[in-house]
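# Summary of the model geometry
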Amino acid sequence: MPRRAAQAFTAVLLAASTVTALSHTAAAADSLGSAAAGKGRYFGTAVAANHLGESAYAGTLDREFNQVTPENEMKWDATEGSRNTFTFGNADQIVSHAQSQNMKVRGHTLVWHSQLPSWVSGLGATDLRSAMNNHITQVMQHYKGKIYAWDVVNEAYQDGSSGALRSSPFADKLGSGFIEEAFRTARSVDPNAKLCYNDYNTDGVNAKSNAVYAMVKDFKSRGVPIDCVGFQSHFNSASPVPSDYQANLQRFADLGVDVQITELDIEGSGTAQANNYSNVVKACLAVTRCTGLTVWGVTDKYSWRSSGTPLLFDSNYGKKPAYDAALAALGGSSTGGGDGGNPGGGNPGGNATCTVSFARTSDWNDGYNGEVTVKAGSAPINGWTVTLTFAPPQKVASLWNGTPSWDSSGNVMTVRAASYNGSLAAGASTSFGFTAAKNGNNSTPTLGACTAS
Ligand code: 9MR
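Below or above, wherever it landed, is the structure these notes cover.

Procedures and definitions
- Residues numbered from 1 in each chain as written.
- Predicted model: local features only at pLDDT ≥ 70, side-chain atom pairs only at ≥ 80, totals over all residues.
- Heavy atoms only, no water.
- Disulfide = S-S within 2.5 Å.
- Helix = DSSP H or I, 4+ residues; strand = E, 2+ residues; numbered from the N terminus.
- Near = heavy atom within 4 Å.
- Polar contact = N/O pair within 3.5 Å; in protein donor to acceptor, adjacent residues only side chain to side chain.
- Salt bridge = Lys/Arg side-chain N within 4 Å of Asp/Glu carboxyl O.
- Buried < 20%, exposed > 50% of the residue type's maximum accessible area, 1.4 Å probe, protein only.
- Contact = heavy atoms within 4.5 Å.
- Phe/Tyr/Trp six-rings, centres within 6.5 Å; stacked < 30°, edge-to-face > 60°.
- Lys NZ or Arg CZ within 6 Å of the ring centre and 35° of its normal.

## Some thoughts on the state of the cysteines
- Summed over all chains, the structure comprises 3 disulfides.
- Bridging C196 to C228, the disulfide has an S-S length of 2.1 Å. Across the S-S bond of C196 and C228 the torsion is about -75 degrees, and the bridge reads as left-handed. Of this pair, C196 sits in strand 5 (residues 194-199) while C228 sits in strand 6 (residues 228-231), and the two are 32 residues apart along the sequence.
- For the protein chain, numbering the cysteines in disulfides from first to last along the sequence yields the connectivity 1-2, 3-4, 5-6.

The structure is reproduced here in structure tokens:
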């Protein structure tokens, strides 16, 4: 087959498989993921690779969630049990599953004092620094392009009133600078992944969250790369949802980072648990930069706090009142039941439309960055395509959050959705960006129409 025909053929195949993969997500308006997408957020869950073979587990996961966090599979003990020997099998299984379902993946976690192999704690400072940077580099390289956000450093601060770093091999041997070093290394490995700090007991305003707040503020003021802060949100009667939860999320967002609820579970049952879930979801929705929520497991059956029944599905995968409350807070509505099956879906059909807008976001001598926002019309869409025509000899040097192809002149660029941003709820938007080299021509490209599927 001639090369161009082969490319076209591959493109058709890709388009067809994308529609298949996305159809259930877009059509299931009564799921947590699709309701959250309608609010411009994701709704995810922690996933354990060893349960993916259980059909009710995988069925509930695929029907309800559009983001996953590997619960243990990407931790240091799972990925580098002995020095410089990396094992990715279990984590790869989760990432492949997520990709096949068009789910975002949060990488968890690169630098953490817990689940740390003893060979790491035994190292002296010089070796530890290079082991830390090597670990970040190798793990991020392996997953480059597949992870929307990484928990680069997890749980570095002490509980209680000290506001100090927790004692760990990293803090004790490398000093407080290890956090900054980890973030700088991470940015250099995968500049497109969001880099997050993640912690617990930082959900309200308190000494610990104040310490994290001061760190983020300092990082932002000195240009240390940090994009997001995760609030784990493990709640029970001893550690309830704080009354200033939303205010705390907001003050971090005001520093110029995204915030996420990363490990949500709330012990309890019935109406009390449902109200707590509803309040947490509403707090996230009230903060523009709260980009998504992740519950720490699909079902009470496999929760790390199983006896506290803290999740949205019971041990038989039935929807709990907490599920209905979370869904209602997201603006969705439940069809009841919940048997772990997949009710199926379908293509939203012929009324899929989209609109586009263009912004030139930054300019320098030889180049500029452009951002194209794609917005779904009054029906959900499964995919989109946008065309941009550049004035020669301008050339696109890099592009993110989309999949580009060029015509034979090299001036007309067609961009279709990346694997993770083609599925949009009615009225929802996403964007892709690019860097163009001016090559002496300062014009702005002409934006063509948006085609939706
Ligand atoms: O849910 C995880 C559980 O299966 C592990 O045994 C435990 C070991 O440390 O880690 C749990 O997940 C933790 C997460 O990675 C970080 N925040 C606290 C979570 C609950 O302990």
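## Observations regarding the site of the ligand
- As a matter of local geometry, the ligand sits amid 14 residues, with E71, K75, H108, E155 and E263 nearest to it.
- Take H108: an N or O atom from its side chain is 2.7 Å from an oxygen atom of the ligand.
- The contact in question runs from an oxygen atom of the ligand to an N or O atom on the side chain of Q115, over 3.0 Å.

## Overview of the pattern of salt bridges
- According to the stated counting rule, one finds 16 salt bridges in the structure shown.
- For E180, the salt bridge goes to R184, with nearest N and O atoms at 3.0 Å. Taken as a pair, E180 and R184 lie in helix 9 (residues 177-189) at a separation of 4 residues, close to a single helical turn.
- Among the residues examined, E180 registers a relative accessible area of 19% and is labelled buried.
- Residue K438 is joined to D363 by a salt bridge in which the shortest nitrogen-to-oxygen separation is 2.9 Å. Placement of K438 in the loop between strand 16 (429-437) and strand 17 (446-452) and of D363 in strand 10 (residues 354-364) is noted, with a sequence separation of 75 residues between them.
- Overall, the relative accessible area of 42% leaves D363 in the partly exposed class.
- A network of salt bridges, in which partner residues are shared, links E180, R184, D218 and R222.

## As for the environment of T414
- Among the secondary structure elements, T414 is positioned in strand 15 (residues 412-417).
- Among the residues examined, T414 registers a relative accessible area of 26% and is labelled partly exposed.
- Taking the C-alpha atoms as reference, T414 lies 5.6 Å from P404; in sequence the two are 10 residues apart.
- Dropping the residues within four chain positions of it, T414 is found in contact with T385, V386, T387, T403, P404 and S405.

## Considerations on the packing of aromatic side chains
- Applying the stated criterion across every chain yields a total of 19 aromatic pairs.
- An angle of 20 degrees between the planes, with centres 6.1 Å apart, marks the rings of F358 and F434 as stacked. Placement of the pair is F358 in strand 10 and F434 in strand 16, with a sequence separation of 76 residues.
- The class of F358 is partly exposed, set by a relative accessible area of 24%.
- Given a relative accessible area of 0%, F434 falls into the buried group.
- Look at F390 and F434: their rings are 5.4 Å apart centre to centre, the planes differ by 80 degrees, and that puts the pair in the edge-to-face class. Of this pair, F390 sits in the loop between strand 12 (384-389) and strand 13 (395-400) while F434 sits in strand 16, and the two are 44 residues apart along the sequence. As far as the burial class goes, F390 and F434 line up, both buried.
- R360 extends its terminal NZ or CZ atom over the ring of Y368, reaching a point 4.0 Å from the ring centre.

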